[in-house]
Amino acid sequence: MYKKILIANRGNIATNIIRACKEMGIETVGVFTDIDKKSIHTRYADKAYFLGRAQYGEDYNRIDKIIEIAQKEKVEAIHPGFGFLAQNLDFIRQCEELKIDIIGESFDDMKLFTDKVKVKSIAQNIKIPVIEGKVINNIEDIKKLRFPVLFKPCSGYAGRGIRYVENYEEGVKKFEIASKEAGYLFNNPEIYAEEYIDNTYLLEVCAVGNGKNIVCLPVTDSSLRRKFQKVVSESPAEYIDIKIRKKVMDYARKLAAELKIKNIGNFEFLVSKKDIYFLEFNPRLPLAYGVSEMLTGFNLIKEQISVKKEGKITVEETALEKINSNVFECRINAENYFEKFSPCSGRISKLIIPGGKDVRVEFDYFNDDEVSSHYDSQIARIIVKTAKRAEMVNKIRWVLAQTKISGIFTTLPFLENVVNTKLFSEGKIVSDFITHVMRERRFKKVREKEYAAAIVGALAFHTENEKRKIIPRINSSKRDFSPWNLIGRTKIIKKWE
Amino acid sequence: MKYKLLIDGKDKFKLEHEDNINVEYVNNISVDGKEHVVEFVNFNSKGEIESLFIDNTFYDVEVEKGSDGLPENIILNGQKYPIEFLRVGHDRFLVKQDKKEKSGKIVALIPGKVINIAVKPGDEVKEGDIVLILEAMKMENEIIAPKDGVVRRIEVSEGQNVEKNQPMIVID
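So, here's what we can say about the structure. (Residues numbered from 1 in each chain as written. Chains lettered and ligands numbered in written order. Predicted model: local features only at pLDDT ≥ 70, side-chain atom pairs only at ≥ 80, totals over all residues. Heavy atoms only, no water.)

**As for the interface of chain B and chain A**
Here is the rule: In what follows, residue pairs with any heavy atoms lying within 4.5 Å of each other are defined as contacts. Computed with a 1.4 Å rolling probe, the buried area is the accessible surface lost when two parts are put together, summed over both parts. For this document, the term salt bridge refers to a Lys or Arg side-chain nitrogen within 4 Å of an Asp or Glu carboxyl oxygen. Gly is placed with the polar residues, together with every amino acid not listed as nonpolar (Ala, Val, Leu, Ile, Met, Phe, Trp, Tyr, Cys and Pro) or charged (Asp, Glu, Lys and Arg).
Across the contact, 76 residues belong to chain B and 73 residues belong to chain A. Carbon and sulfur atoms supply 61% of the area that chain B and chain A bury against each other, a total of about 6600 Å² over both sides. The interface formed by chain B and chain A includes eight salt bridges. The salt bridge involving R163(A) is made with E142(B); its shortest N-O contact spans 2.7 Å. Broken down by class, the residue content of the side of chain B that touches chain A amounts to 41 nonpolar, 14 polar and 21 charged.

Shown next, in the form of C-alpha cells:
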C-alpha cells in the first residue's frame, strides 16, 4: 500500500480523503490557502502546505506548486478529490511523467472520458439510447437545433457553465457567452447542445472497475437540482420501478465495461415516463458518494485507493443484493433561496448540529467561521438512513428541523420545504420541481414558521420600543407610533450625545 | 399594539398584542385573527429575545436590526426571514418611501471575480439583459441590467477580483 498521499483539494472531500487514509495507515499531506488556514482539512492532514492567497479556485489549481510539494514530500500518489484538478489532463500527464500516481483514471483514459460528445457516441454504438450532443461551432449550427436545448461545455463537469436555451434567438445571444465561459472554466471553449427534456428523473449509477471486472452500486436519484447542481440525493430510489432501475444499471455496466474503467466513475441517465437516456459519464468519485457509502457500507475513497494501487475491488455484488434500507442526503449551501439562490458569504454565528443513529453529518465549518466567496457554497451534508422509506421521510424532516445555522442565509429553509412536500414523500420530485413547484411557495410548514417569525418581529419591535422609552404608552395617550418618528428621535438623541 | 408587516417582501401579516407585555408571564398575540400563546425563555445581554415558546413549541431566535434600529431579519431556528413593518399602531399608515428611480449603477453584491463582460461602452441594453458574469462560490452569477439604457462606463475588467459593493458598470 501507499505510504504517503497528497490531497489536492479542500473542504469536505479533502477531509474525507484524509479520514480514509488514516484508516488505511497512510500518511497525508494537505494544501491550503490563506482563507483555509484553519479549515478542517488543514488541521487534519499530517502535514499541510501553503499554496498562496485564495484566487477564486485558481489557487487549488496551481499544478506547479502542488507537484513541487508532492516531490518535496516524496508522496507516491495524489488524490485530487472532485472538482479542481480531478479531470485536468495537464495535471494528470505531468504527474504520470514524474511517476506519481493519480487516484483516478490514467491520462489516456481520462482524455477519452472527459470528451462528453465522444462518450455519447460510444454509448450509441453499443445501443444505449442517448440524448445526442451536437457540437456548436457557429450560428449556422444553432439554426439546425430543436429547441429547447441546454448548452453545455464539451469538457465540463459539476454543473458549471450550463445554459438553458429556449429558442434560436436566445441561442444566438447566449452562444458567445457560453463558449467564452467554457474556455475560462475548462480551458476548452467548445460547447455542445443537448435537447432539454422536461419532467425527468436524473438517475446515477456509481461503478467501480479495475479494467477487468465492473461492480455497479445501486441507483441514486439526484433529480432535484438548482442551477444545474445537485442538492439532494436518494438511494436506492425504491419509488422508481425496479425494472427501470435494473435497466439503468445494466446500461451503466455495459458502458463501464466498454470504456474499461479502472477506478470509480459515475454514469448519469435521464428517465422520463417511458424512456431512458444516457446523459453523461464523470470519471471521478460521484458527488453523492456518501449516499452510496451509507447504503452499501463500503468506503468508496478507500476503494479508489486500493483499486489504484492493487487493482483490487472489495465491493461485493452479493452484499449489494441484500441491501434493505433507504438513504437520503441533502447538501446545505450558503445561498439565499429567497433571492433565486444567490450566493451568500459571511460569518456563521451559531451552529447546532443534529445527531442520532444512522445520521451522518458533515459540517465544513465551526462556530464563528467565515464562509468565503472564493469557494463552493456548500457548508454541510446531512445523510440519513432507515429501513422503511416512510420513516426516512420523517427522519430527514426532523433532522433538518433540528439543524440550526445562524449568521448567513442558507438553503435550509428550501430543503425543509422540499422534504415537507407531498411530492417528496411520494417520490415524485423530478427535474423541473424547482421551476414549476417552487413558484408556489405556500407550503404549510413555511406558513407556520412565518407566523412565528412575524410574532418574534412584533415582539422585537416592542422590546426595542420599551428599551428606548421613546413612545408614550398607548393606553395613556391616543398617539400612535411611527418608526419614522423613532428614527428622527434617535438621530436627535445621537446628536446630543 | 397593532402591526402590519411583510415577510420576505410578499407575505402580509396582521398582528396584535396587549400594550403591556410582561416577560415573566404568558402573553397572547394574535396573527391574522388567530390567538397564539407566547412564553419568553431568555434574553441576551442586550435585552433582545433569544428563545421563546410559541404555542408550546420552542424556538431559538435572533433579531438582526437595520441601521434604523428596527428589526430587519428574524432568524428562527437558524433560518432567516426578512421582515418589513408596513404599519405600527392603531390607524396611522407608514408613508412608504417613494421607490427611488432604479439606479443604473451596478455594484457587486458579493465579493467575486469578473469572468465575462458581455457589453461595451455605448451599447444599448434592455432591463434584464446579461451584462456581466461574476464568479463567486463556484457559481457563475449572471448580472443583469437593472433598467433600459446605454452603457456609460465599465469600471472593471475580465479576470479582475471585486470587493463587495464595488461599482462595476454604469448604465444610464
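**A few points about the pattern of salt bridges**
All names here are of chain A. Rules: Counting from the N terminus, the helices are the DSSP runs of H or I reaching at least four residues and the strands are the DSSP runs of E reaching at least two. For every residue, the accessible area obtained with a 1.4 Å probe (protein chains only) is divided by the maximum for its type, and the residue is called buried under 20%, exposed over 50%, and partly exposed between those limits.
With the rule as written, the count across this model stands at 48 salt bridges over all chains. The partner of R93 in a salt bridge is D90, and the shortest N-O contact between them spans 2.8 Å. Placement of the pair is R93 and D90 together in helix α4 (residues 89-97), with a separation of three residues, close to one helical turn. A relative accessible area of 40% places D90 in the partly exposed class. Here K152 ties to E194 by a salt bridge, and the two come within 2.8 Å at their closest N and O atoms. Residue K152 is found in strand β7 (residues 149-153), and its partner E194 is found in strand β9 (residues 191-195); the two are separated by 42 residues along the sequence. A single burial state applies to K152 and to E194, both of which are buried. The network of salt bridges with common partners includes K116, K120, K152, E194 and E280.

**Considerations on the sheet that holds strand β13 (residues 139-144) of chain B**
All names here are of chain B. Selection criterion: The rule for pairing is simple: two strands pair if DSSP sees at least two bridges between them.
Taking strand neighbours across the sheet as the criterion, the four strands line up as β13-β12-β10-β15 in an open arrangement whose pairing is antiparallel. The outermost strands of the open sheet, each flanked by one partner alone, are β13 and β15 (161-162). Pairing of strand β10 (residues 112-117) with strand β12 (residues 130-136) involves four bridges; the strand directions are antiparallel. Note that in β12 the partner of I117 across the bridge is L132.

**Looking at helix α10 (residues 289-296) of chain A**
All names here are of chain A. In terms of residue burial, α10 counts as a mostly covered element, since eight of its eight residues are buried. Looking only at α10, the buried set comprises Y289, G290, V291, S292, E293, M294, L295 and T296. Positioned one or two residues after α10, G297 has a phi angle of 85°, which is positive.

**So, the sheet that holds strand β2 (residues 27-33) of chain A**
All names here are of chain A. Note the cut-off: What counts as an axis is a line fitted to C-alpha atoms, over the stretch in contact for a helix, and the angles between N-to-C directions run from 0 to 180 degrees.
Across the sheet, five strands lie side by side as β3-β2-β1-β4-β5; this open sheet has parallel pairing. In this open sheet, the two edge strands, each paired with only one partner strand, are β3 (47-52) and β5 (101-102). Sitting on the sheet, helix α3 (residues 63-72) is in contact with β1 (4-7), β2, β3 and β4 (77-79), with an inclination near 155° to β3.

**Considerations on the packing of aromatic side chains**
All names here are of chain A. In plain terms, the rule: Think of it this way: a Phe, Tyr or Trp ring, Trp meaning its six-membered ring, pairs with another when their centres are within 6.5 Å, and the plane angle makes it stacked under 30 degrees, edge-to-face over 60, tilted otherwise. As a reminder, the over-ring test applies to NZ of lysine and CZ of arginine, requiring each to be within 6 Å of the ring centre and within 35 degrees of the ring normal.
Following the criterion strictly, the structure yields 19 aromatic pairs over all chains and no others. Ring geometry for Y201 versus Y239: centroids 6.2 Å apart, planes at 35°, classification tilted. Taken as a pair, Y201 in strand β10 (residues 201-209) and Y239 in the loop between β15 (232-235) and α9 (242-259) lie far apart in primary sequence, 38 residues in all. By relative accessible area, which is 16% here, Y201 ends up buried. Centre to centre, the rings of F328 and F424 are 5.0 Å apart; their planes meet at 65°, and the pair counts as edge-to-face. Note that F328 is positioned in strand β18 (residues 326-333) and F424 in helix α15 (residues 422-425), a separation of 96 residues in sequence. For F424, a relative accessible area of 3% puts it in the buried group. Sitting over the face of the ring of F50, K37 holds its NZ or CZ atom 5.5 Å from the ring centroid.

Geometry only, nothing functional implied.
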